[in-house]
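If you want the building blocks of each chain, they are given just below.
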Amino acid sequence: MKPFPFDYARPRDLREAGALLAKVGEGARVLAGGQSLGPMLNFRLARPSMLVAIHHLPELRAVEQTADAVTLGACVTHTAIADGRTPDIGVRILARIAENIAYRAVRNRGTIGGSLAHADPAADWLCTLTALGASVLTARPGGGRTIPIAGFVPATFRTTLGPGEIVQAVRIPRPSADARWGYYKACRKPGEFAFAMAAVLLDAARGIRRAVIGAVGGPPVVLEGDRAVPGAVETALAASGLDALERRQQAVALKRALAQAAT
Ligand SMILES: Cc1cc2nc3c(=O)[nH]c(=O)nc-3n(C[C@H](O)[C@H](O)[C@H](O)COP(=O)(O)OP(=O)(O)OC[C@H]3O[C@@H](n4cnc5c(N)ncnc54)[C@H](O)[C@@H]3O)c2cc1C
């Protein structure tokens, strides 16, 4: 199938992109790497009247690091992160997540901001960045805002972004030097979306013991403190609609992520 006809705009900067989105309104859609939007257009699941390309904008490729955090522009690609061309928050924490997303051709174009904005419950960044306590920084007419990723995706393929609001960057706090991290993604073959996944951050110096279960068909499930154990999965996922086998798979994913964090 082919997409419905649409106009295409390539703004010079973020301000112009915002103005275009505001002018065209509901029919306009941001285009980043196109790795999710492209198939949606082809299947006519999305029928925008205009695509506003943003992947080339320098403001959305900016990278900043401080003692506390790394901030990655929304249009930084998975490949740039996997290849270590951007700063990491620890020894290959972000790189290892990125290199397990899809396969190279998708990673070359797919972006961290596009992944979050697409709000697929099985997306790797959504689960892992929730565990890491990251925030989305946005740009919108009248001033951007900071949105904690826990809560950024209230439902499948939905975010709390307002009309015309663009993900500008993602701020990822650095774990303490002695923090432990684990991430386990279960998929049928490499490069596929996960059918079960869990991420664990044990950061005693910051008082954090957090486990996040992803790929649950809705927002990630966050288990804090004493609840960050495989035994809590059954209760936490009781209302998720997952069947007994799927809940068991999630418990195993969490057990393996915890084991990684313990080594
Ligand atoms: C074969 C295949 C396998 C994949 N496997 C995985 C996988 O294993 N794990 C995984 O996590 N992902 C996977 N993906 C998805 C991939 O990571 C995409 O790159 C990502 O979901 C979307 O990023 P994008 O930059 O291509 O966004 P686009 O496709 O350009 O946009 C996606 C949506 O987000 C909106 N959007 C994009 N950027 C912004 C922004 N800055 N501000 C506001 N809205 C924005 C768009 O309007 C659109 O609605 C896979 C994709 C494919 C095609």
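This text gives an overview of the structure that appears in the document. (Residues numbered from 1 in each chain as written. Predicted model: local features only at pLDDT ≥ 70, side-chain atom pairs only at ≥ 80, totals over all residues. Heavy atoms only, no water.)

With that settled, the discussion passes to the sheet that holds strand β6 (residues 135–139). Reading across from one edge, β4-β5-β8-β6-β7 is the order of the five strands in this open sheet, with antiparallel pairing throughout. The open sheet is flanked by β4 (63–65) and β7 (146–148), the only strands paired with a single partner. Averaged over all adjacent pairs, the angle separating strand axes in this sheet is 20°, with direction ignored. Sheet topology note: the β6/β7 ladder contains three bridges and is antiparallel. Note that in β7 the partner of Val-136 across the bridge is Ile-147. (Pairing = 2+ DSSP bridges. Helix = DSSP H or I, 4+ residues; strand = E, 2+ residues; numbered from the N terminus. Axes fitted to C-alpha atoms, helices over the stretch in contact; angles between N-to-C directions.)

A separate point is unusual backbone geometry. Glycine aside, residues mostly have negative phi angles, and peptide bonds mostly take the trans form. Its identity is not glycine, yet Arg-44 carries a phi of approximately 60°, on the positive side. Within the fold, Arg-44 resides in the loop between α2 (37–42) and β3 (50–53). Looking at Arg-44, the relative accessible area reads 28%, which means it is partly exposed. Look at Phe-157: it is not a glycine, yet its phi comes out positive at around 60°. (Buried < 20%, exposed > 50% of the residue type's maximum accessible area, 1.4 Å probe, protein only.)

This part covers helix α1 (residues 14–24). Within α1, burial applies to Leu-14, Ala-17, Gly-18, Leu-20 and Leu-21. Along the axis of α1, the buried residues cluster in a sector spanning 160°; they form a single face. What points out from α1, more than 90 degrees from its buried face, is the exposed set Arg-15, Ala-22 and Lys-23. Looking at the packing, one finds that the buried side of α1 touches β1 (7–9), β2 (28–31), β3, β6 and β8 (166–173). (Arc of directions from axis to C-beta. Contact = heavy atoms within 4.5 Å.)

As a structural note, the neighbourhood of the ligand is formed by 32 residues, with Val-30, Gly-34, Leu-37, Thr-111 and Asp-124 the closest of them. Contact distances for the ligand include 2.8 Å between an oxygen atom and a backbone N or O atom of Gln-35. Side-chain polar atom of His-78 to an oxygen atom of the ligand: 3.0 Å apart, as the coordinates give it. Within the complex, 90% of the 980 Å² of free accessible area of the ligand lies under protein. Per element, the largest residue contribution to the shell around the ligand is four residues, and it comes from helix α6 (residues 112–118). (Near = heavy atom within 4 Å. Polar contact = N/O pair within 3.5 Å; in protein donor to acceptor, adjacent residues only side chain to side chain. Areas by Shrake-Rupley, 256 points an atom, 1.4 Å probe, with all protein chains shown as cover.)

Treat this as a map of the structure, not an account of what it does.
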